[in-house]
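Chain by chain, the residues run as shown.
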Amino acid sequence: MSKLRPRPQRGQFHLPRELYGYSALGAPLFYFPAQSGHKAGLVMAGTHGDEVAAVVALSCALRSLAEGHLKHHVILAVNPDGCQLGTRCNAHGVDLNRNFATKNWDGDGNVYRWNSAADARDVQLSTGDSPASESETSALCQLIATLAPPWTVSIHEPLGCVEDPDKTELGAWLAEGMQLPLIEQIGYQTPGSFGTWCAERALPCITVEFPPISADAASEEYLSILIDLLTYDQ
């Protein structure tokens with residue numbers, strides 16, 4: 001039996017989803033639980049609401065799978081408010097990827113580039129009133145504690161690389177399949193990031209950074225490798 005649904009049926013979701021919390025504006029935070037496999041990892045996107053290509057491409061891959069073939073947990077939008085508002089931050093103005101309770105969390109705020117063509121990181125965001133102050137952050141941490149995944153893959157854009165500090169087989173496989181450079185470190189400090197939070201808990205975290213790409217192009221160029229990721233065998 002094929003692991004894929006017929007293409008005409010992929011416009012709607014058919015897989016069950018489970019609630020794990022609520023966003024700052026009250027939007028449901030939900031994930032799609034793995035349907036098979038006892039070592040289910042966690043694949044997620046939408047931490048930054050302005051990184052649309054990652055959300056759409058992962059959604060297309062998820063909707064392409066036939067019932068019973070999803071082997072890993074999936075969160076399409078860690079930050080649903082930001083995805084709806086088109087902002088990098090959540091509804092409180094907090095960059096969720098700087099809000100995790102890490103040893104190096106910095107409450108002085110964060111700056112980022114407006115887009116990939118910008119010359120400088122000069123747009124300001126909050127990192128929260130305290131570590132894990134945001135409902136989206138704390139709910140994700142609680143979910144991971146419950147699911148206990150052996151690894152996580154967090155999809156972002158637009159740096160065009162695969163960051164894998166733990167040098168895992170999965171990271172090398174993703175970099176080769178996506179034809180992106182494999183690196184150990186991104187090259188700048190990320191206090192309070194999800195990757196740092198995972199590292200402090202010895203949880204392998206692979207950060208996939210799409211290059212600057214449209215959602216339309218990403219949903220075709222990376223569809224096959226993302227389907228393979230969601231059905232990846234340990």
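Only a predicted model underlies this, so the values are computations on that prediction, with no experimental measurement involved.

Reading the values: the criteria
Residues numbered from 1 in each chain as written. Predicted model: local features only at pLDDT ≥ 70, side-chain atom pairs only at ≥ 80, totals over all residues. Heavy atoms only, no water. Salt bridge = Lys/Arg side-chain N within 4 Å of Asp/Glu carboxyl O. Helix = DSSP H or I, 4+ residues; strand = E, 2+ residues; numbered from the N terminus. Buried < 20%, exposed > 50% of the residue type's maximum accessible area, 1.4 Å probe, protein only. Disulfide = S-S within 2.5 Å.

Undergrad: Lay out the pattern of salt bridges in plain terms, naming residues and giving numbers.
TA: Any two side chains of opposite charge can pair, so long as their charged atoms come close to each other. Under the defined criterion, the tally for this structure stands at 7 salt bridges. One salt bridge in this structure joins Asp233 and Lys71, with 2.5 Å as the shortest N-O distance. Residue Asp233 is found in the segment after helix H7 (223–230), and its partner Lys71 is found in the loop between helix H1 (52–64) and strand S4 (73–75); the two are separated by 162 residues along the sequence. Residues Arg88 and Asp95 are paired through a salt bridge, measuring 3.6 Å at the closest nitrogen-oxygen approach. For Arg88, a relative accessible area of 14% translates into the label buried. If you follow the salt bridges from partner to partner, you end up with Glu51, Arg88 and Asp95 in one network.

Undergrad: Describe in detail the state of the cysteines, supporting the description with residues and values.
TA: Evaluated as defined, the whole model comprises 0 disulfides. Free of any disulfide, Cys89 has its nearest neighbouring cysteine sulfur in Cys83, separated by 11 Å. Left unpaired, Cys205 is separated from the closest cysteine sulfur, that of Cys198, by 4.3 Å.

Keep in mind that these numbers describe shape and distance, not what the molecule does.
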